Amino acid sequence: MSALREALRDLPDAVFADVLESEEAYLLVLDLPGVTAETLDVSVEGGRLVIEGQRAKDAPSEFRFVREDRSVFLDVELPLPPDATGRGGEGTVERGVLELRLPKASAAPSTTIPVEEA
């Protein structure tokens, strides 16, 4: 799991992440402000967790962005721990917080993980 910890350190500054572990699964919690289930794709490919998201920009029409520090797009690949798989994975996103539950088992070749609004 040290490769995953290292990869999480390289995430953009606006993304905060926690990894929790139980006997049966890993729980990855990512703060992704402005991201919804509709603007998020999560999959497992070749032992890597692929997360692609887009933040919606909601600014009143009378305002324009003068400075913007948060990226609109997130495209991240994270290495899975050797005993994790995407099969049976579950994801929810609520108020910009993505929670991914990844069961422990042998690695799967390619799996899409559905993400729903909580």
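The rules behind the values
- Residues numbered from 1 in each chain as written.
- Predicted model: local features only at pLDDT ≥ 70, side-chain atom pairs only at ≥ 80, totals over all residues.
- Heavy atoms only, no water.
- Helix = DSSP H or I, 4+ residues; strand = E, 2+ residues; numbered from the N terminus.
- Buried < 20%, exposed > 50% of the residue type's maximum accessible area, 1.4 Å probe, protein only.
- Contact = heavy atoms within 4.5 Å.
- Polar contact = N/O pair within 3.5 Å; in protein donor to acceptor, adjacent residues only side chain to side chain.
- pLDDT = per-residue confidence, 0-100.
- Patch = residues over 30% accessible without salt bridge, like charges linked within 9 Å, V, L, I, M, F, W, Y side chains within 5 Å.
- Areas by Shrake-Rupley, 256 points an atom, 1.4 Å probe, with all protein chains shown as cover.
- Salt bridge = Lys/Arg side-chain N within 4 Å of Asp/Glu carboxyl O.
- Lys, Arg positive; Asp, Glu negative; His and termini not counted.
- Charge placed at Lys NZ, Arg CZ, Asp CG, Glu CD.
- Pairing = 2+ DSSP bridges.
- Axes fitted to C-alpha atoms, helices over the stretch in contact; angles between N-to-C directions.

**Student:** I tried to follow the overall build of the protein chain on my own but got confused; where do I start?
**Tutor:** Within the protein chain, the secondary structure is distributed over one helix and nine strands. Listing every helix and strand of the protein chain by position from the N terminus yields α-β-β-β-β-β-β-β-β-β. Per-residue burial for the protein chain yields a buried fraction of 37% across its 118 residues. Sequence separation of 24 or more characterises 52% of the internal contacts of the protein chain that already satisfy a separation of 6 or more.

**Student:** In this structure, what is going on with the side chain of Ser43? I would like to understand it.
**Tutor:** In this structure, Ser43 sits in strand E3 (residues 40-45). With a relative accessible area of 12%, Ser43 lands in the buried category. Within the structure, the side chain of Ser43 is placed 3.1 Å from the side chain of Glu45, a separation counted as a polar contact.

**Student:** Looking at this structure, I do not really get the confidence of the model for the protein chain. What am I missing?
**Tutor:** On average, the protein chain scores 82 in pLDDT, and the residues at 70 or more come to 89%. Averaged over each element, pLDDT in the protein chain is lowest for strand E8 (residues 110-113) (71) and highest for strand E6 (residues 90-94) (94).

**Student:** Could you clarify how one ought to interpret a negative patch on the surface in this entry?
**Tutor:** A cluster of acidic side chains, namely Glu38, Glu94, Glu99 and Glu117, defines a negative patch on the protein surface. By the secondary structure assignment, Glu38 is in the loop between strand E2 (25-31) and E3. Among the residues examined, Glu38 registers a relative accessible area of 66% and is labelled exposed.

**Student:** Please explain the pattern of salt bridges as it appears in this structure.
**Tutor:** When charged atoms on two side chains of opposite charge get close, those side chains can pair. Evaluation of the coordinates by the stated rule reveals two salt bridges. For the salt bridge of Lys104 with Glu21, the shortest nitrogen-to-oxygen distance reads 2.6 Å. Of this pair, Lys104 sits in the loop between strand E7 (97-103) and E8 while Glu21 sits in strand E1 (residues 16-21), placing them 83 residues apart in sequence.

**Student:** Looking at this structure, I do not really get the pairing of E7. What am I missing?
**Tutor:** Inspection of the sheet shows E2 paired to E7 by seven bridges, in the antiparallel sense. The residue of E7 that forms the bridge with Ala25 is Pro103. Sheet topology places E6 next to E7; five bridges connect them, and they run antiparallel. If you follow Val93 over to E7, its bridge partner there is Leu98. Once E6 ends, the chain turns through two residues before running back antiparallel as E7, passing Arg95 with a positive phi of about 55°.

**Student:** Before we go on, may I ask you to explain the sheet that holds E7 in this structure?
**Tutor:** One key point about sheets: their strands pair by backbone hydrogen bonds, in either a parallel or an antiparallel sense. Strand order in this open sheet of five strands is E1-E2-E7-E6-E9, and the pairing throughout is mixed. Here the strands that pair on one side only, and so sit at the sheet edges, are E1 and strand E9 (115-117). Geometrically, the sheet is characterised by an average inter-axis angle of 20° between neighbouring strands, direction not taken into account. Both E6 and E9 contribute to a ladder of three bridges, which runs parallel. Among the inter-strand pairings, Val93 is bridged to a residue of E9, identified as Glu117.

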